[in-house]
Structure formats: C-alpha cells, structure tokens
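What follows is each chain in one-letter form.
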Amino acid sequence: MKRILSITLIILAVLLCFSGCVREYEPNDEIHTTCEGVFITVESIDESGKFPILEVVWHNETEKTVTFGLWYTIEYLNGGEWKNIQIADFAVPEIALMIEPDNTARESYTTKHFYMLRKGEYRIRMEFYIQDEEPVSGSTWASFSIS
C-alpha cells in the first residue's frame, strides 16, 4: 500500500511540474497561496520541547480534492527577504494526504531541522495539488513569530 501511494505521489509530482494554477491568487495578510481556496494557517506552536512543533491546519475551500505530502520548508525574514534556514537534510515519508472539498486537515511539523535560534518572523511553506481534469500544482505558506 505504501509503495502504491509513493508511486502515485511521484507520478502526480511529475505530471504537475508541467501545469500551473488555474486561478492565481494574490496573497494577503491572512491567506498566502498561489491558488484560491487552498491555504494553511498555523494554529499553534508547542514550545514545550527542545524543538518547537507547529500545529498547522490545511484549508480546502474548493470543490475539488486537494493532495499534499509531508514535505515542508521553514524560512526566516532577514532584511526584507525570506531565507531558507534548513540546516540538515531530513527524510520525509512519501505519503499522499487528501483533503476533500470544503474540508480541513491538521498536521504537526517539527522545527528540528531548521535554524530557529533567533527571535523574529518565520514562515512554513508547502506544496499541494488540486485534482482536476488537468492536475494543478500550487504552494501555500503561513507566517508566525518566535519571541
């Protein structure tokens, strides 16, 4: 079963490299996405352990099923530019997760592999795919602060 999901995710990724978002969406202060109707929000940050854990909610406000994996990156706002702060490669299971139309999903993401010792503005960024006649790829991100 895992192998089938992995193969499906790889095929989707290859097919989606050649497609773009049908309706581009201009990010605002609350919602950051390249495709209207699919976005994430940081619900909370658990700082009780050695590395903060981000509790993220995926929102699918479209009429299509959305697929996403567990890959993500964290960036730091430095001098007006977002910089990737990954300090170590890490393995991410190749799992395809799905959100049905007009639904949400919750996932937890560790900051263990990112340099987050500074106070400031950060964002978590992820990719997704909208299942349609022609699959559509997009990205979404949510900002958060560490003080």
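Further up the page is the structure itself.
Every value quoted in this text rests on a predicted model; they were computed, and no experiment measured them.

Visitor: Before we move on, could you go through the overall build of the protein chain and cite the residues and values that matter?
Guide: Assigned secondary structure in the protein chain consists of one helix and nine strands. Moving toward the C terminus, one meets the helices and strands of the protein chain in the order α-β-β-β-β-β-β-β-β-β. Residues classed as buried in the protein chain amount to 39% of the 147 residues present. Of the roughly 8,800 Å² of accessible surface on the protein chain, a fraction of 52% belongs to carbon and sulfur atoms.

Visitor: Tell me about the pattern of salt bridges, residues and numbers included.
Guide: Inspection of the entire model under this criterion finds four salt bridges. The shortest N-O distance in the salt bridge between Glu75 and Arg123 comes to 2.4 Å. Residue Glu75 is found in strand β4 (residues 73–78), and its partner Arg123 is found in strand β8 (residues 120–130); the two are separated by 48 residues along the sequence. Look at Glu75 and you get buried, because its relative accessible area is 11%.

Visitor: Tell me about the pairing of β4, and please be specific about residues and values.
Guide: Bridge count for β4 against β8 is four bridges, and the pairing is antiparallel. Residue Ile74 lies in a different strand from β8, and its bridge partner there is Ile124. In terms of strand pairing, β4 meets strand β5 (residues 81–84) through four bridges, oriented antiparallel. What sits directly across from Tyr76, in β5, is Lys83.

Visitor: Describe the side chain of Thr65, with residues and values.
Guide: As for its position among the elements, Thr65 is in the loop between β2 (53–60) and β3 (66–68). Excluding its chain neighbours within four sequence positions, the residues that come into contact with Thr65 are Asn60, Met98, Ile99, Glu100, Pro101, Tyr129, Ile130 and Gln131.

Visitor: Would you mind going over a nonpolar patch on the surface in detail, with residue names and values included?
Guide: Taken together, the side chains of Ile87, Tyr115 and Leu117 present a nonpolar region at the surface, about 350 Å² in accessible area. Looking at the element boundaries, Tyr115 is found in the loop between β7 (103–110) and β8. We classify Tyr115 as partly exposed; its relative accessible area is 36%.

Visitor: Hey, could you go over the packing of aromatic side chains for me, with residue numbers and the actual values?
Guide: Throughout the structure, instances matching the rule amount to six aromatic pairs. Ring geometry for Tyr72 and Tyr109: centres 4.9 Å apart, planes at 70 degrees, overall edge-to-face. Taken together, the positions of Tyr72 in the loop between β3 and β4 and Tyr109 in strand β7 put the pair 37 residues apart, joining distant regions of the chain. Across the pair, Tyr109 and Tyr72 agree in class, each one buried. Each member of the aromatic cluster is reached from another via a ring pair, and the members are Trp58, Phe68 and Phe128. Stacked on the ring of Trp141, the Lys or Arg Arg125 has its end atom at 4.3 Å from the ring centre.

Parameters at a glance
Residues numbered from 1 in each chain as written. Predicted model: local features only at pLDDT ≥ 70, side-chain atom pairs only at ≥ 80, totals over all residues. Heavy atoms only, no water. Helix = DSSP H or I, 4+ residues; strand = E, 2+ residues; numbered from the N terminus. Buried < 20%, exposed > 50% of the residue type's maximum accessible area, 1.4 Å probe, protein only. Areas by Shrake-Rupley, 256 points an atom, 1.4 Å probe, with all protein chains shown as cover. Salt bridge = Lys/Arg side-chain N within 4 Å of Asp/Glu carboxyl O. Pairing = 2+ DSSP bridges. Contact = heavy atoms within 4.5 Å. Patch = residues over 30% accessible without salt bridge, like charges linked within 9 Å, V, L, I, M, F, W, Y side chains within 5 Å. Phe/Tyr/Trp six-rings, centres within 6.5 Å; stacked < 30°, edge-to-face > 60°. Lys NZ or Arg CZ within 6 Å of the ring centre and 35° of its normal.

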